[in-house]
Structure formats: structure tokens, C-alpha cells
Amino acid sequence: LAQAISSDRTGAVSKQRRLLSQCQVDGSVLGASAMADSRVTGHSSDSRENPRRIDRVESKSMILGSSSTSVQGTVRQFISAAQSLVSVRMRPRGQTQRSPEFLRELAVLHPELLRATTLRMVLRRFGSIFRHSAGAASTFEMSKPVEVIAKFLSHSWRTPGWLKTIALMYHENVFRATVSAFATAICLHGLEFVGAGVHMPLVGPSYLAGEATMHRLRLDTHFVPPCLVFILVLIFGQEVPGLAQSTCFLDKCCIHQTDQEKKMQGIQQLGGFLRSSHRMVILWQPEYFTRLWCVYELAAFHYINLGVSGLVDLLPLKLPVLALSLFCFHFAASAATVVLGPTLVFSEMHLTWILENVPAALQVPWMFMIFSSMCFFAIYTIPGFLLWKFCESHMEDRKMLLKQLRGFRMDLAECQVESDREFIEGKLTTWFGGVEEFELIIRNEVAELVAQSMKYRGPIPWTLMFTGSLSHVFLLASAAVDAVIRSDWPLAVRLGLACIGVSCFTDAIALSAGLTLADKIPGRWQVGVRRFIAPISLALLFSLLNGLVLASMNPALPLWIDIPMYLVLGMLTWWMFGGWHRLRHGRTLRPTGKSEGYSPASTVALSVPGVGDRQGLQSDAGMTGTFKPNIQGDASFAVQKKVESHESRVVALHKEESDDEFCEVVSV
């Protein structure tokens, strides 16, 4: 019925194996069904409610088979062994099951005070609600009673409000803004194909030089309407009528700030707010983990969602600001190209001189030199210093985040009222077995997951770089559409490749290299004249990569050279932004538990081959049929169980570990 596999490190496991092996009775057909009577709170994986929580598992066995005394004795031994196997618990450093006291705290004692607001209300008047922490009756009226909450906003009031406003606007609206911008561009160019195109201002004709001829290049303002639509939707996207609004918890709006009785009732049922929340969004700045209430919210949400991964969104507030800054910078660069290009680089006079004086074999190197010089001196020299400052600041923040997590101490977290510290430490003791145990989880499990996420996703998200380069996408796409209308297919292909290269590869590679350099460069290079070397090198790298892509538009360059070059750039981008790590290790991140003195006290989502696409097995996952996990490691064992009843399902997979003992328990 069940098979235990792996090393024999404890006598209890050996005894259980021997008793289980005695269940092979000749001539007897034994079947077993086990039902888990679970007391749950919250949501199933296919609904919008809160995730299911397991607080009690009672195994009940029904034995069908021979009525002989020997068989009954063997069955009784099997039942005893199976019950001891399922109920094995080793928690020398913490707890994995939720205490009854904690479950009582999750109850919503005052349903009328379980309230949530919407991001539309939070972001109204450019996030004026984040200007200060003081609330009033009017702010409480911004929320309304709900049953479930989509996002729990965890933040520190010490963080500047404008940073949180921009981050939430970007987090909520960037996808719909990007889709709206592309839809606008498609409509504009679609009208051109049917002969009803909108005339856009044009400074003058532009050209690209081939081996012996000139090809017309359209540089006009077709890129402006999509960019304006992107900015408008990014800022006001939550105000569009008819769009679904995400409910969110914000303490200033959802807990009464003037009525002391309602305020205390709201604070006491903070666990109910967390239990009713689908996700937690951390608006992170370096001061976040220095605030005691922020740590408490993260700890409570982690304890409620034991074994469920991917429910916390860590949102560094500087990254959306970088994305908008890059977007505005590239918009200005595109506008300068449209205005100055027809009179300088792409002018008929300049290209005629190239055709008359530059051999065909040297036309591409000449254009590469011209484009690189133009990008360096006219575009990237001064912004290079600003980009370098961001690289230093961002990498310092990443180091500080890991340093805060790996050296986390509760006594260093700040709290305005000391009575709050006693309250929070008491809760952490109840949930995790002690403040020290909670500190170990933060220092090891959480810190390791964050470190792995940083490694797998690259220094910054790739989508952020793509968003910042949208103006180049629309400018080059407009030129490619014009080439298609004129049936100049080779030029259209080159412009399409250049559009992909500029928006997806070059800036991403350059900024990722700059961030890596900022992380590795020694401090002695930050003084004197040497402090100018890194910013100038970063500007030069941006210029060379963009000059390479712009020169590849020249028709004199064969496509058999053009296409492999973009493949190399694409592979380099994929590698620099964590593609190789994801390919080797999969998408499931889990703590390895290899830190010295570390003993996980929480349920861990494991990667189970054959179940979905590298999906971690979570404690609320409903599964039927044959379940065969493959869990490897020292002192581990795998359990294979075939359940014939279609109503049986896997209830929980708990991983518990101590310094010298390891146990994997599957409750069916």
C-alpha cells in the first residue's frame, strides 16, 4: 500500500518500514482509504477567495479484507504504523501547524470593519493620501466593507509619498498602457494601408545609402501619439470607466483613525485583513525592514500562507522611476532624431558624399563610426553620469536588502509605541515558537529566496528596459511601415530587426553591464579623476551598441551577417537577465536549508517533476490519481500512494528539518 524509500537514520522510521512490509498478505486483498478532516479558512486555487489553511488533519482508516485473526493483527499493526508515520512531528525550532489561538485571531469579529479601498481612490489626485500618515473620517469613507481583498499594501510612512504613487501607477497600469500604445500605433498605420493615413509633420526627406543607391527613410512624428497615449494611460489608467478595480488594504483608509474604539477593533482584527488578502505588495525602500509594524505584517502573512509561494510582490520603488525616466529620455532622443536627422546624418548631401567617396566595403564601418560618435557626444555623455548614479544606488540598495535580511534582529526594528513591541513579539512567539526562530527564518529562508530571485531575474527586470524604449519602437516601426507600402522589403526587414535590437537588446545589455560594473568596481575608483571613468565607459557602451544596430540598417550590409548579429545580441540579453539560471534550475525557487544553524520551521513548496510545468506542490493543491514525488537529499524518503477513490486528494506536504533529523510527511 505504501513504500518508504531512502536511508535508515532513525529507529522509528525503520520500525515503520518493517511494519509496513508485513502488510503483504498472501491471498488477501487489502484496500485503504484515508480522509483528511481539515479545518480550513479562505480560498481554493480556482476561486477568488483566500487560500485554504490546514489546521488539523485526522487520519481515519477503513480496512476491507479477510476476517482471519492473523490478518486482523497484521492490519492493526499496519494502522498503528501508518498513523505514527502520518503524525510524525519534529519541531525543535518552531511550529508548522497553526495554533488555535492564531486561528481565533484570524476571525473577523466585526464584519463591518473588514474594509478595502481601490487603487483608483488611493491614486486620486496623484496619491495625495501618501503625503502624511494622519487620517480623518473622510479617509475612512474612502473604503467600504468587503469579503475579500485583492492586495494588501505594506509600506512605511517614512518613504516619500511620490515614490509610492509612481510605483503603484506603474505596477497597476503599465500593461494596459503598453497595450493601448501599441493599439494606437496599429490603428494609425492601418489607416495608411487603406489609403486614409493621417499626415504627420516631416522636417525633410531622409535617406539610407546602399552600395550604389539611396533608399528613402521616413522619419516623422508618427511615434508621438502612441507615446502620449502610453503616458496618459499610465497615469490615469485606473480612472477609465468600466475597468475592473483591484481592491486593496491601506491602513489609513481601512482602519478608522479618529474613532479610538473602531481603531482598536480594526487593529485587533488585522489578522482578518491579512487572511482575506490574496496577495501582499511590499512598497520597498531601505527603511522598510527597520519598521516593526512592517515586519509584523510580513510575518503574519507568511504564517497564514505557510507552504504557498509567490504571494508576496516586492516592489522596489526606484525601478518605476527609472522606467519613466528612460521613457522620457528616449522620447527626447527620438524627437531629436526626427528634427536633426534629415539635416545631418540622413541628409541627401551626406549620403551622396558617402556613395561618391566611400567604397562599398567601408560604408557600414563609416556609418557605425558616425552613429556611435553621434550617440556618444549628443545623447549619452551627460545622461551617462545620471545612469551611473542610478546603477550605484540600485546595487547598493540590493546589497542593503540582503544585508538587512541576513542580519535581521527584532530589537533593531523601530516602533513609536513600546507597548506595540510587546504585542508583536508575543504574536511572533505564538506563531513561530519564539522571536529567535522568526529571526532565523528571515535571515535564512527569506534572504535566500530573495537572493535567488535577484540572480534569476537579473539586476533589473527586462520588461522595464523594454518599456523605457517604446518611443524607439514606434519611430522605427513607422519607417518600416513606409518601406512596406513602397514595397522596399529588404529595407523593411532591416528596420524591423533594428526596431527589435534597440528596444529589446542594446539598452538592456548596456544597463545590465553598468549595474554589474557598479557592483564589482572597487571603492578606490570612486575618487579623483578616476570617478569619471565608469560613467564615460557606460556612455560609450550605450553608444557603441546603438551605433552597431543603427549601422546595420544600411542596405550595404548583407542579411546573412545582420540576422546572426541579432541572434547573438538576443542570446546575450537572455543570459544577462537570468535565462541561463532559469534553464538550469527551473522557475521554482526554494530555500536549500544549507545555511549553518538553520532549521526551516515552515512548509516549503517543492518542485515535483511530472506535475505541471515545474510547479511547486502547495499545501492547498487538490490532486487525484497517482502521486509520485521525487525528493532527493540526505536522509530523505519518497512516498508513492495510489488512491482509487476520485474524491481522495493530497492535502498537505510538509517539510520539516532539524540539525540531525529530516522528515517528509504526505497526508492523504
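Just so you know, these numbers come straight off a predicted model, no measurement behind them.

**Things to note about the packing of helix H20 (residues 489-520) against helix H21 (residues 533-551)**
Working step 1: It is at 9 Å that the axes of H20 and H21 come closest, and there the two elements cross at 160°. Between H20 and H21, the interaxial angle falls into the category roughly antiparallel. Between H20 and H21 lies a crossing of right-handed hand. For the pair formed by H20 and H21, the contact residues are Ala-498, Val-502, Thr-506, Asp-507, Ile-509, Ala-510, Leu-511, Ala-513 and Gly-514 on the first element and Leu-538, Leu-541, Phe-542, Leu-545, Asn-546 and Val-549 on the second.
Working step 2: Among the residues forming the contact of H20 with H21, the class breakdown is 11 nonpolar, 3 polar and 1 charged.

**Quick look at the pattern of salt bridges**
Working step 1: Overall, the coordinates contain 15 salt bridges when judged by the stated rule.
Working step 2: Across the salt bridge formed by Glu-172 and Lys-151, the nearest N and O atoms sit 3.2 Å from each other. Residue Glu-172 is located in helix H7 (residues 161-193), and its partner Lys-151 is located in strand E6 (residues 149-154); the two are separated by 21 residues in the primary sequence. Assigned by exposure class, Glu-172 and Lys-151 land together as buried.
Working step 3: In this structure, Arg-218 and Asp-220 form a salt bridge, with 3.5 Å as the shortest nitrogen-oxygen distance.

**As for the packing of aromatic side chains**
Working step 1: Counting across every chain of the model gives 20 aromatic pairs.
Working step 2: Ring geometry for Phe-126 versus Phe-236: centroids 6.1 Å apart, planes at 70°, classification edge-to-face. Within this pair, whereas Phe-126 is found in helix H5 (residues 124-127), its partner Phe-236 is found in helix H8 (residues 224-236), the two being separated by 110 residues in sequence.
Working step 3: Take Phe-126: its relative accessible area is 51%, and that puts it in the exposed class.
Working step 4: By relative accessible area, Phe-236 is classed as partly exposed at 42%.
Working step 5: Members of the aromatic cluster, joined through ring pairs, are Phe-182, Trp-462, Phe-466 and Phe-474.

**Examining unusual backbone geometry**
Working step 1: Unlike most non-glycine residues, Arg-125 shows phi in positive territory, near 55°.
Working step 2: With respect to the helices, strands and loops of the structure, Arg-125 is situated in helix H5.

**Comments concerning the environment of His-302**
Working step 1: Assignment of secondary structure puts His-302 in helix H12 (residues 292-304).
Working step 2: The exposure class assigned to His-302 is partly exposed, which follows from its relative accessible area of 21%.
Working step 3: For the pair His-302 and Val-312, spaced 10 residues apart in the sequence, the C-alpha separation amounts to 8.8 Å.

**Notes on the environment of Asp-397**
Working step 1: Within the element layout of this structure, Asp-397 appears in helix H15 (residues 363-406).
Working step 2: The exposure class of Asp-397 is buried, given its relative accessible area of 9%.
Working step 3: Between the C-alpha atoms of Asp-397 and Gln-285, which are 112 residues apart in sequence, the distance is 8.1 Å.
Working step 4: Apart from the residues lying within four places of it in its own chain, the contact partners of Asp-397 are Trp-284, Pro-286 and Lys-318.
Working step 5: At 2.9 Å, the side chain of Asp-397 forms a polar contact with the side chain of Lys-318.

**Topic: the nonpolar core**
Working step 1: Ile-460, Leu-464, Phe-474, Leu-495, Leu-511 and Tyr-566 are the most contacted members of the largest nonpolar core, which has 79 residues in total.
Working step 2: With 15 residues, H20 is the largest single contributor of residues to this core.
Working step 3: The contacts of Ile-460, once residues within four sequence positions are left out, are Leu-319, His-394, Met-465, Leu-511, Leu-515 and Phe-577.
Working step 4: Counting residues in each nonpolar core, the second largest holds 65 residues, with Ile-255, Phe-273, Leu-315 and Met-454 among its members.

**Comments concerning the sheet that holds strand E11 (residues 312-316)**
Working step 1: Read across the sheet, 6 strands follow the order E5-E4-E9-E6-E10-E11 without closing on themselves; strand pairing throughout is mixed. Two strands in the sheet have a free side with no partner beyond their single neighbour: strand E5 (144-145) and E11.
Working step 2: The pairing of strand E4 (residues 115-118) with E5 spans 2 bridges and is classified as antiparallel. Along E5, the bridge assignment pairs Arg-115 with Pro-145.

**Quick look at the environment of His-278**
Working step 1: By the secondary structure assignment, His-278 is in strand E10 (residues 277-284).
Working step 2: A relative accessible area of 12% places His-278 in the buried class.

**Brief notes about the confidence of the model for the protein**
Working step 1: Scored by pLDDT, the protein comes out at a mean of 74, with 70% of its residues at no less than 70.
Working step 2: Within the protein, the element-level pLDDT minimum falls on strand E12 (residues 606-607), averaging 28, and the maximum on H8, averaging 96.
Working step 3: Under a pLDDT of 50 for its full length, residues 1-69 has, in the predicted model, 133 contacts with residues more than four places off or in other chains.
Working step 4: Overall, residues 81-96 carries pLDDT values under 50, and its contacts beyond four positions in sequence, including any with other chains, amount to 41 contacts.

**Some points on H15**
Working step 1: Here H15 contains 44 residues, and its C-alpha end-to-end distance of 55 Å is more than 12% below the 64 Å for a straight helix at 1.5 Å per residue.
Working step 2: Helix geometry: H15 is bent most strongly at Tyr-380, by close to 65°, with proline Pro-383 lying one to four residues after it.

Rules behind the numbers
Residues numbered from 1 in each chain as written. Predicted model: local features only at pLDDT ≥ 70, side-chain atom pairs only at ≥ 80, totals over all residues. Heavy atoms only, no water. Axes fitted to C-alpha atoms, helices over the stretch in contact; angles between N-to-C directions. Helix = DSSP H or I, 4+ residues; strand = E, 2+ residues; numbered from the N terminus. Parallel < 35°, antiparallel > 145°, perpendicular 65-115°, else oblique. Left-handed = near helix turned anticlockwise from the far one by under 90°. Contact = heavy atoms within 4.5 Å. Nonpolar A, V, L, I, M, F, W, Y, C, P; charged D, E, K, R; others polar. Salt bridge = Lys/Arg side-chain N within 4 Å of Asp/Glu carboxyl O. Buried < 20%, exposed > 50% of the residue type's maximum accessible area, 1.4 Å probe, protein only. Phe/Tyr/Trp six-rings, centres within 6.5 Å; stacked < 30°, edge-to-face > 60°. Polar contact = N/O pair within 3.5 Å; in protein donor to acceptor, adjacent residues only side chain to side chain. Core = buried A, V, L, I, M, F, W, Y, C linked by side-chain atoms within 4.5 Å. Pairing = 2+ DSSP bridges. pLDDT = per-residue confidence, 0-100. Expected span 1.5 Å × (residues − 1). Bend = angle between axes of the 7 residues up to and from the residue.

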